[in-house]
Amino acid sequence: MEKSIEAHSISKIDVLKGQSLLDIDGLADDILKLQDQRLDDDPVNTHFEDTRCPESPVVQKIIAEIAEAFKGVTQLDLILMDCWSHIHEKGMSTNQHSHYPHDVSAVYYVKVPEGSGHIVFHPTSNPYHPSRIPFKPEEKTFFIFPSFLDHSVTRNQSDEKRISLSFNFKLQGRDNNE
């Protein structure tokens, strides 16, 4: 007698990786001009290593590109909640954290010297899944992921600065953000 079995996905986490087509010449310089404008002056706070995001048309285009890519996969609209930049000098890394209570987060890589580290996702919902999933970033690539997903950044071994932009979004229509 033939037995049947059904598979039901209970937990699935998607990380979207995209390649930007934008001309970002000058963006790294715009970000570096703001490197002394930290979001928090307390070195114990995770926002100590974050700096203000430049207000520029290219950043607005990056945000639109990320939102369009997300909508292309999910058919859902995003509303930007906040944006900041990361400048990792030699020896710097970012501890494991999440962006909860936001819905969706993204990171866009502006400058990625060889050996400047990986973004590492830490899915904790399934003990049978690997606990660390690293991705090697490249310039002009972005990752979109659920904000609850823990992640970290490995140490920059390069003598050059690694520069990225980070974003938090809410889903359109969620929490009265229509």
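As a reminder, the structure under discussion sits directly above these lines.
Residues numbered from 1 in each chain as written. Predicted model: local features only at pLDDT ≥ 70, side-chain atom pairs only at ≥ 80, totals over all residues. Heavy atoms only, no water.

If you had to explain helix 2 (residues 57–74) to someone new, which residues and values would you point to?
Taking 1.5 Å as the rise per residue, helix 2 with 18 residues should run 26 Å; its terminal C-alpha atoms sit 26 Å apart, in good agreement. All buried positions along helix 2 are accounted for by Val58, Val59, Ile62, Ile63, Glu65, Ile66 and Phe70. Projected onto a plane normal to the axis of helix 2, the buried residues spread over an arc of 160 degrees and lie on a single side. Away from the buried face of helix 2 by more than 90 degrees, exposed residues Pro57, Gln60, Lys61, Glu68 and Gly72 are located. Positive backbone phi, approximately 65 degrees, marks Gln75, located one or two places after helix 2. (Helix = DSSP H or I, 4+ residues; strand = E, 2+ residues; numbered from the N terminus. Expected span 1.5 Å × (residues − 1). Buried < 20%, exposed > 50% of the residue type's maximum accessible area, 1.4 Å probe, protein only. Arc of directions from axis to C-beta.)

Tell me about the sheet that holds strand 4 (residues 94–97), residues and numbers included.
The four strands lie next to each other as 4-9-6-7, forming an open sheet whose pairing is antiparallel. Of all strands in the sheet, those bounded by a partner on one side alone are strand 4 and strand 7 (133–135). The mean inter-strand angle of the sheet, taken between neighbouring strand axes irrespective of direction, is 20 degrees. Bridge count between strand 4 and strand 9 (residues 150–153): two bridges; the pairing is antiparallel. Of the residues in strand 9, the one forming a bridge with His97 is His151. (Pairing = 2+ DSSP bridges. Axes fitted to C-alpha atoms, helices over the stretch in contact; angles between N-to-C directions.)

Summarise unusual backbone geometry; cite the residues concerned and give the values.
Most of the time, phi is negative for any residue but glycine, and the peptide bond is trans. Here Tyr100 and Pro101 are connected by a cis peptide whose omega angle stands at 20 degrees. Of note in the backbone geometry, Gln75 takes a positive phi value of approximately 65 degrees without being a glycine. A relative accessible area of 57% places Gln75 in the exposed class. Phi is positive for Lys140, close to 70 degrees, though the residue is something other than glycine. Note that Lys140 resides in the loop between strand 7 and strand 8 (141–146).

Could you give an account of the sheet that holds strand 3 (residues 78–88), naming the residues involved and the relevant values?
With respect to topology, six strands assemble into an open sheet ordered 1-8-5-10-3-2, the strand pairing being antiparallel. Looking at strand neighbours, the two that pair on one side only are strand 1 (16–19) and strand 2 (50–52), the edges of this open sheet. On average, each strand axis in the sheet is inclined to that of its neighbour by 30 degrees, with strand direction left out of account. In the sheet, strand 3 pairs with strand 10 (residues 162–171) via ten bridges, with the strands oriented antiparallel. Within the sheet, the bridge partner assigned to Trp84 lies in strand 10 and is Ser166. Docked against the sheet, helix 2 engages strand 1, strand 3, strand 5 (104–111), strand 8 and strand 10, running at close to 55 degrees with respect to strand 10. (Contact = heavy atoms within 4.5 Å.)

So what about the nonpolar core? Which residues, and what values?
If you look at the biggest cluster of nonpolar residues, it comprises 26 residues, and the most contacted ones within it are Leu27, Ile62, Val110, Leu165 and Phe167. At the level of elements, helix 1 (27–32), helix 2, strand 3, strand 5, strand 8 and strand 10 are the ones that each hand at least two residues to this core. It is helix 2 that contributes the most residues to this core, six residues altogether. Contacts of Ile62, omitting those with residues within four sequence positions, involve Leu22, Ile24, Leu27, Tyr108, Leu165 and Phe167. One finds Val112, Phe121, Phe143 and Leu149 within the second-largest nonpolar core, a separate group that totals eight residues. (Core = buried A, V, L, I, M, F, W, Y, C linked by side-chain atoms within 4.5 Å.)

Before we move on, could you go through the environment of Val58 and cite the residues and values that matter?
Summarising the element assignment, Val58 is placed in helix 2. Here Val58 falls in the buried class, since its relative accessible area comes to 17%. In this structure the C-alpha to C-alpha distance between Val58 and Ile24, which are 34 residues apart in sequence, comes to 6.8 Å. Excluding its chain neighbours within four sequence positions, the residues that come into contact with Val58 are Leu22, Asp23, Ile24 and Leu27.

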